[in-house]
Amino acid sequence: MADIFDVVADPTRRDLLQVLLDRYVTSDSDSGEISVGEIVEKMGLSQPTVSKHLKVLRDHGLVTVREEGQHRYYSVDTSPLEELEDWLIPFLSADFDNDSEAAASTVFAAWSGVQVPEPFRRAADTLQHPADAGTAVGRAAAAASFQARTALQDASHEVERRVIEPIKKKLGRNDK
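Small disclaimer: the values here were computed from a predicted structure and weren't measured.

Caption draft 1: Spotlight on the pairing of strand S3 (residues 71-76). Bridge count between strand S1 (residues 34-35) and S3: two bridges; the pairing is antiparallel. Within S3, the residue paired with Ser35 across the bridge is Tyr73. Alignment of strand S2 (residues 63-68) against S3, held across six bridges, turns out to be antiparallel. Among the inter-strand pairings, Val63 is bridged to a residue of S3, identified as Val76. Where S2 folds back onto S3 in an antiparallel hairpin, the turn is made up of two residues, including Gly69, whose phi is positive at roughly 65°.

Caption draft 2: Local environment of helix H4 (residues 47-59). The terminal C-alpha atoms of H4 lie 18 Å apart, and with 13 residues this matches the ideal 18 Å at 1.5 Å per residue to within 8%. Along H4, the residues that are buried comprise Val50, His53, Leu54 and Leu57. Axial view of H4: buried residues confined to an arc of 105°, hence all on one face. Away from the buried face of H4 by more than 90 degrees, exposed residues Pro48 and Lys52 are located. Buried residues belonging to H4 abut helix H1 (4-9), helix H2 (11-26), helix H3 (36-43), S2 and S3. At the C-terminal side of H4, Gly61 shows a positive phi close to 75°.

Definitions and cut-offs
- Residues numbered from 1 in each chain as written.
- Predicted model: local features only at pLDDT ≥ 70, side-chain atom pairs only at ≥ 80, totals over all residues.
- Heavy atoms only, no water.
- Pairing = 2+ DSSP bridges.
- Helix = DSSP H or I, 4+ residues; strand = E, 2+ residues; numbered from the N terminus.
- Expected span 1.5 Å × (residues − 1).
- Buried < 20%, exposed > 50% of the residue type's maximum accessible area, 1.4 Å probe, protein only.
- Arc of directions from axis to C-beta.
- Contact = heavy atoms within 4.5 Å.

Below, the structure written as structure tokens:
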């Protein structure tokens, strides 16, 4: 099963979540529901594509669905994003500039106009719109998740090659 990083790594799902979030923010109701047909219209995608991605989001608890006859109404549920938030907070709150307390939070620093560290300034300069930050964070999280899995697989193979296989040879067992 994919983890939350894999789910939000997909740009279509991030766009879908943005549509749902926009509806929630601009809606007069507490639910912020939107029909599949409206999502299809807003995103310009086929209904099967939207439904496929909604299923992934639903399976990971990022959206809720209410059925009314043949119609389905979706709304965003941000509680599963807490895992992603928990992972990001140490990076966002690291003290990159010891000369300023306001810079202890990179996000606050950027918002308040305090000088942010060079790598973050370079990244921020490439963003055309604040919403692009979500895409950048999603890609970074997906890359980090992929790198961690790859490193773990590499380490596992290395342990197998350097430790397990020699022990098997000494014991006269060549099965793998």
